[in-house]
Amino acid sequence: MLRPLLLAALALGGIRAHAAACDRSCLAATLDQYLAAVVQHDPSKAPLALGFRQTENAQVRAVGTGLWQSATGLGRLQRRYFDTLAEQAGYFGTLEEAAGPAIVTLRLKVEDRKITEAEWVLNRKGDPGIGAQAGRQADAAFYDPEYLLAHAPAERTLPKAQRLTRAELVAIANSYFDGLSAHDGTLILAHPGCMRVENGTLTTQQPIPAGGVTDCTAKGPMRNIFAVTARRYPVVDEQAGVVLGLVRFQRKPGVPMRRNLLSEWFFIDGGKIRTIYAAMYYPAPDALVPNWPPFDGNWPVPPPP
């Protein structure tokens with residue numbers, strides 16, 4: 001008698017677990033609830049889980065602080081992406097603050113229809129840049145929300161016949177970081193002329209002395225990268241052909257340039273990268289980045305001075 005009851009209980013549990021899963025429409029509604037709550041400065045309007053954790057450029061923020069206080073509205077550019085398998089939603093675009101628009105990436109994690117995690121990567125006017133290089137003073141990070149708005153990612157839903165698998169999309173995005181780490185653009189699975197926009201600034205399509213222009217496989221920008229570490233791919237939207245990569249650019253030991261905390265949105269067509277949009281930040285040398293599992297805290301810990 002106990003066995004049939006146990007099987008029935010397990011079956012019922014499975015049904016409940018399935019019913020609690022957050023599909024695409026659920027993720028969209030939850031993301032909108034959260035964004036509305038942030039700009040209204042009211043955490044009670046979002047379905048936050050007990051133990052909800054939020055970071056802004058890898059710094060943990062208590063509920064009701066940080067963007068909960070500074071955001072005044074959503075920006076003119078808003079793109080949303082959804083991963084039903086991981087139950088995560090992504091937002092890329094701009095967010096209004098009193099000092100002007102910030103270029104942002106948001107990763108939102110949902111469990112049992114409650115928001116458990118919010119990870120923001122923010123770029124604001126006047127943010128620090130890569131730091132001293134070739135004898136120059138520290139420079140400011142790229143920042144051009146107007147260019148980003150004028151050259152925004154297309155909103156699309158791919159026909160089923162053109163969609164790649166989750167594993168294929170992640171592998172294609174990862175080839176970009178492999179190419180940067182190896183300083184070998186031939187490793188990158190990308191269309192010729194692939195475009196990259198960082199913090200709203202076009203960093204490809206630059207003239208080459210020998211003729212032509214650069215693309216996302218060009219070797220020049222790779223010189224300052226020692227390795228691409230702490231790679232994560234939390235949002236894979238198969239319907240849109242979009243992958244979010246969250247990584248850190250490491251500098252060669254002893255080089256004074258700042259590390260780079262990046263969110264990179266890969267737009268993939270026909271098995272290759274077509275465009276890349278990034279929101280990124282240059283943390284201080286002692287900042288704890290990326291500060292999310294499995295790379296908690298300052299990974300790796302720098303040697304003492």
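Residues numbered from 1 in each chain as written. Predicted model: local features only at pLDDT ≥ 70, side-chain atom pairs only at ≥ 80, totals over all residues. Heavy atoms only, no water.

**Some words on the side chain of Asn57**
Our working definition: Only runs of H or I of at least four residues qualify as helices and only runs of E of at least two qualify as strands under DSSP, and these elements are numbered from the N terminus. Note on definitions: a residue-residue contact is assigned when non-hydrogen atoms from the two residues lie within 4.5 Å.
With respect to the secondary-structure elements, Asn57 resides in the loop between strand S1 (48-56) and strand S2 (59-61). In this structure, Asn57 is in contact with Trp120, Val121, Leu122, Leu261 and Tyr281, ignoring residues within four places of it in sequence.

**Points about the state of the cysteines**
Stated precisely, the cut-off is as follows: Note on disulfides: each one is a pair of cysteine sulfur atoms within 2.5 Å. Each residue is assigned to one of three classes by its accessible area relative to the maximum for its type, calculated with a 1.4 Å probe on protein chains only: buried under 20%, partly exposed between the two thresholds, exposed over 50%.
This structure, assessed with the given rule, holds 2 disulfides. The residue that forms a disulfide with Cys22 is Cys26, at a sulfur-sulfur distance of 1.9 Å. On the sign convention where negative is left-handed, the bridge of Cys22 and Cys26, at about -95° about the S-S bond, is left-handed. Assigned by exposure class, Cys22 and Cys26 land together as buried. Sulfur-sulfur distance for the disulfide between Cys194 and Cys216 comes to 2.0 Å. With the S-S bond torsion at -100°, the cross-link from Cys194 to Cys216 turns out left-handed. Taken together, the residues span a long stretch of sequence, with Cys194 in strand S7 (residues 190-198) and Cys216 in the loop between strand S8 (201-202) and strand S9 (227-237) at a distance of 22 residues. Both residues of the pair, Cys194 and Cys216, belong to the buried class.

By themselves, these are just geometric observations and shouldn't be taken as functional.
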